[in-house]
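Architecture at a glance
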Amino acid sequence: MAGRDHGPYYGPTITCCGCGDSWSCGELLPRPFRRGWRTAEIAKVKRAWTEAGLYTAADYKAWLADELAVVVADYGSSVEDVPLPESAASA
């Protein structure tokens, strides 16, 4: 599965790399009425997955720390005051 975020007013779209079907906000999106749509969607989502890049655990922790810094700055806290989720702590 690979996803795309379409901004604050729309839910993210998640597409299956195996079957090409897409979901948004928990709902299966309509399938196009054309030949070869499944193959084209699978190729598109696999390309998006590859372009997203491969990141190490250290890259993920650095990204998460940056995101947390932005979020907690509004509340007068620092990133060190915010406990990381279990998945991030073990990454």
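Everything here concerns the structure above.
Conventions and cut-offs
Residues numbered from 1 in each chain as written. Predicted model: local features only at pLDDT ≥ 70, side-chain atom pairs only at ≥ 80, totals over all residues. Heavy atoms only, no water. Helix = DSSP H or I, 4+ residues; strand = E, 2+ residues; numbered from the N terminus. Buried < 20%, exposed > 50% of the residue type's maximum accessible area, 1.4 Å probe, protein only. Contact = heavy atoms within 4.5 Å. Polar contact = N/O pair within 3.5 Å; in protein donor to acceptor, adjacent residues only side chain to side chain. Salt bridge = Lys/Arg side-chain N within 4 Å of Asp/Glu carboxyl O. Pairing = 2+ DSSP bridges.

This next bit is on the overall build of the protein. Looking only at helices and strands, one finds three helices and four strands in the protein. Starting at the N terminus, the α and β elements of the protein follow one another as β-β-β-β-α-α-α. By the burial criterion, 20% of the 91 residues in the protein qualify as buried. Long-range contacts, defined here as pairs at least 24 residues apart, represent 23% of the contacts in the protein between residues at least 6 apart.

Moving on, we come to the environment of Thr50. With respect to the element layout, Thr50 can be found in helix α1 (residues 37–52). According to the relative accessible area criterion, Thr50 is exposed, its value standing at 61%. Thr50 sits 48 residues away from Ala2 along the chain, and the two C-alpha atoms are 9.9 Å apart. A distance of 3.0 Å separates a polar atom in the side chain of Thr50 from the backbone oxygen of Lys46.

So, about the side chain of Thr13. When you line up the elements, Thr13 lands in strand β2 (residues 13–15). The class of Thr13 is buried, set by a relative accessible area of 7%. Setting aside chain neighbours within four positions, we find Thr13 in contact with Ala2, Gly3, Arg4, His6, Ser22, Trp23, Ser24 and Leu29.

Position of Thr15 relative to the elements: it lies in strand β2. Polar side-chain contacts of Thr15 include one of 2.8 Å to the side chain of Ser22. Thr15 has contacts with Met1, Ala2, Arg4, Gly20, Asp21, Ser22, Glu41 and Val45, leaving out every residue within four places of it along the chain.

Going through the model one piece at a time under the given rule, you end up with two salt bridges. Across the pair Asp21 and Arg31 runs a salt bridge whose closest N-O atoms are separated by 2.8 Å. Here Asp21 is found in the loop between β2 and β3 (22–24), whereas its partner Arg31 is found in the loop between β4 (27–28) and α1, with 10 residues between them in sequence. Look at Asp21 and you get buried, because its relative accessible area is 8%.

Locating Ala43 in the fold gives a position in helix α1. Linking Ala43 and Gly18, residues 25 residues apart in sequence, is a C-alpha distance of 9.8 Å.

Reading across the sheet, the four strands line up as β1-β2-β3-β4 and stay open at both edges, with antiparallel pairing between neighbours. One side of each edge strand has no neighbouring strand; the edge strands of this open sheet are β1 (2–4) and β4. Strand direction decides the pairing type here: β1 and β2, joined by three bridges, are antiparallel. Across the sheet, the residue bridging to Gly3 is Ile14, located in β2.

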